[in-house]
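Analysis of the macromolecular model
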Amino acid sequence: MYVIIAILLFGILIAVHEFGHFITAKACDVQVNEFSIGMGPLLLHKQKGETLYSWRLLPIGGFCAMEGEDESSENPRAFGNRNFFQKLLILCAGSAMNYLMGIVLLVIVFASASGFSTTQIQGFLEGCPYESSEGLQAGDRFVSIDGHKIRFAGDVSDWLGDGSVKQTHDIVVKRNGEKLTLQDYRMTPIEYEGHGLQYGLLFQTVKATPWSVLSYSVRWSAEFVRMVWDGLRQLVSGAVGIKDMSGPVGIVSVLSEVGESSETHSDAARNILYFCAFIAVNLAVMNMLPIPALDGGRIFLMLVTALFTLLFRRKPDPRYENYINAVGMILLLGLMAVVMFNDITKLIVQ
């Protein structure tokens with residue numbers, strides 16, 4: 001059951017992305033020849049007006065095929081004949097819709113919360129050694145730890161770690177409206193009766209309201225963006241490799257595991273929606289990277305074309321852009337095939 005749900009949700013993520021392109025193209029009066037969910041052979045299709053709406057076999061993507069998108073066209077409603085800002089709006093719309101969907105899913109997940117923890121210390125567990133005039137005090141709001149910005153209460157324990165790697169930290173807090181730095185401040189988790197091993201900090205909570213739920217969801221979506229960028233940095237630095245990447249098959253597998261490992265159906269629903277929110281934001285960020293065949297790559301080439309036209313008073317041959325996008329698409333499909341093979345191999349090995 002969870003596998004089916006996961007496939008449907010992944011399809012919805014793709015549909016939302018392509019719908020962003022589609023609705024914006026229509027708003028800019030661009031002719032859309034086909035709106036497809038999935039890639040490969042046709043499963044279902046219906047012609048409505050000038051647009052063919054289709055469902056294809058492979059759930060690894062989708063597309064919104066606009067007239068004059070990849071070739072020159074005399075059609076006045078072709079994508080290539082729109083002005084720079086209209087084309088930019090259309091290309092950004094897919095990622096914008098994914099990001100918006102991520103926020104909406106987070107709002108649904110957090111809607112049942114009674115309150116949210118802030119980064120401000122409300123108090124300390126009994127016997128906590130970090131409460132002192134030279135250390136931390138009630139009312140202090142965490143700003144950063146070792147240069148890492150603190151956005152949520154959970155960030156504090158994340159950046160402090162378990163004390164096994166690093167025991168002293170540079171902590172910046174805001175006290176009475178002014179920033180205070182605790183240089184090389186020693187903090188290690190302590191065993192508290194009834195609470196286990198922790199740092200002994202109690203954080204202030206705010207009551208959940210429609211505004212606080214929305215605000216928390218927006219801030220958490222920004223945290224997802226940071227997590228995606230951290231992952232990209234690790235990929236570029238070699239800390240992780242292609243074997244650690246996951247494609248549609250891997251994502252569906254993880255979504256299924258998230259559902260099956262949850263204690264109740266309601267927990268499963270919240271956990272799956274939370275993970276889908278992360279995937280939606282991930283898609284939004286990744287798709288805007290300046291890589292040929294992705295929307296970010298097309299935008300980058302548009303900027304290069306605009307700069308070339310400004311400097312040389314003529315437009316470059318559009319065939320070169322088409323060649324670059326074609327090569328980029330081939331490489332992207334090749335990467336997707338490798339990632340899918342790795343995902344399937346992991347499933348078989350398990």
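Structural notes, computed from the coordinates. (Residues numbered from 1 in each chain as written. Predicted model: local features only at pLDDT ≥ 70, side-chain atom pairs only at ≥ 80, totals over all residues. Heavy atoms only, no water.)

A few words now on the packing of helix α2 (residues 84–110) against helix α4 (residues 210–237). Two numbers describe a pair of packed helices, the interaxial angle and the distance between the axes. Between α2 and α4, whose axes approach to 9 Å, the crossing angle comes to 125°. As far as their axial angle goes, α4 and α2 are oblique. Crossing geometry of α2 relative to α4 is assigned as right-handed. Contact residues: α2 offers Tyr-99, Ile-103, Leu-106, Val-107 and Phe-110, while α4 offers Val-213, Leu-214, Tyr-216, Ser-217, Val-218, Trp-220, Ser-221, Ala-222, Phe-224 and Val-225. (Axes fitted to C-alpha atoms, helices over the stretch in contact; angles between N-to-C directions. Helix = DSSP H or I, 4+ residues; strand = E, 2+ residues; numbered from the N terminus. Parallel < 35°, antiparallel > 145°, perpendicular 65-115°, else oblique. Left-handed = near helix turned anticlockwise from the far one by under 90°. Contact = heavy atoms within 4.5 Å.)

Moving on to the packing of aromatic side chains. Considering all chains together, one arrives at 17 aromatic pairs under this definition. Plain terms: the ring middles of Phe-22 and Phe-35 are 5.2 Å apart, the flat faces sit at 45° to each other, and that makes the pair tilted. With Phe-22 in helix α1 (residues 2–27) and Phe-35 in strand β1 (residues 32–48), this residue pair connects regions lying 13 residues apart in the sequence. A residue is classified by how much of its surface remains accessible, and Phe-22, at 9% relative accessible area, is buried. For Phe-35, a relative accessible area of 12% translates into the label buried. (Phe/Tyr/Trp six-rings, centres within 6.5 Å; stacked < 30°, edge-to-face > 60°. Buried < 20%, exposed > 50% of the residue type's maximum accessible area, 1.4 Å probe, protein only.)

With that settled, consider the packing of α4 against helix α6 (residues 265–287). Where α4 meets α6, the axes come as close as 9 Å, and the angle between the chain directions of the two elements is 60°. By the angle between their directions, the pair α4 and α6 is classed as oblique. You can see that α4 and α6 cross each other, and the crossing is right-handed. Between α4 and α6, the contacting residues are Trp-220, Ser-221, Phe-224, Val-225, Met-227, Val-228, Trp-229 and Leu-232 on the first element and Tyr-274, Ala-277, Phe-278, Val-281, Asn-282, Val-285 and Met-286 on the second.

The next point concerns the side chain of Asn-287. Within the secondary structure, Asn-287 sits in helix α6. The class of Asn-287 is buried, set by a relative accessible area of 14%. Side chain to side chain, Asn-287 and Asp-295 meet in a polar contact 2.5 Å long. In contact with Asn-287, other than residues within four places in its own chain, are His-17, Ser-95, Leu-294, Asp-295 and Gly-296. (Polar contact = N/O pair within 3.5 Å; in protein donor to acceptor, adjacent residues only side chain to side chain.)

Scanning all chains against the criterion turns up twelve salt bridges. Among the salt bridges present, the one from Arg-226 reaches Glu-223, with a minimum N-O distance of 2.6 Å. Residue Arg-226 and its partner Glu-223 are located together in helix α4, separated by three residues, close to a single helical turn. Look at Arg-226 and you get partly exposed, because its relative accessible area is 23%. (Salt bridge = Lys/Arg side-chain N within 4 Å of Asp/Glu carboxyl O.)

Our focus in this paragraph is a nonpolar patch on the surface. On the surface, Leu-43, Leu-44, Trp-55, Leu-57 and Leu-58 cluster together into a nonpolar patch covering about 510 Å² of accessible area. Going through the elements one at a time, β1 and β2 (51–66) are the ones with two or more residues in the nonpolar patch. Along the polypeptide, Trp-55 turns up in strand β2. Accessibility expressed as a relative area gives 44% for Trp-55, which makes it partly exposed. (Patch = residues over 30% accessible without salt bridge, like charges linked within 9 Å, V, L, I, M, F, W, Y side chains within 5 Å. Areas by Shrake-Rupley, 256 points an atom, 1.4 Å probe, with all protein chains shown as cover.)

On to a positive patch on the surface. Together, Arg-141, Lys-149, Lys-174 and Lys-179 give the surface a local cluster of positive charge. For Lys-179, a relative accessible area of 61% translates into the label exposed. (Lys, Arg positive; Asp, Glu negative; His and termini not counted. Charge placed at Lys NZ, Arg CZ, Asp CG, Glu CD.)

Topologically, Arg-56 is positioned in strand β2. A polar atom in the side chain of Arg-56 sits 2.7 Å from the side chain of Glu-34. Once residues lying within four places of it in the same chain are set aside, the contact partners of Arg-56 are Glu-34, Ser-36, Ile-37, Gly-38, Met-39, Gly-40, Pro-41, Leu-42, Leu-43 and Phe-63.

Next up on the list: the nonpolar core. Residues Phe-110, Trp-220 and Phe-224 are the most contacted members of the largest nonpolar core, which totals 34 residues. Put simply, the parts of the chain that give this core at least two residues each are α1, α2, α4, α5 (248–261) and α6. In terms of residue count, the dominant contributor to this core is α6 (eight residues). Sequence-distant contacts of Phe-110, that is, excluding residues within four places in its chain, are made with Phe-116, Val-213, Tyr-216, Ser-217 and Trp-220. (Core = buried A, V, L, I, M, F, W, Y, C linked by side-chain atoms within 4.5 Å.)

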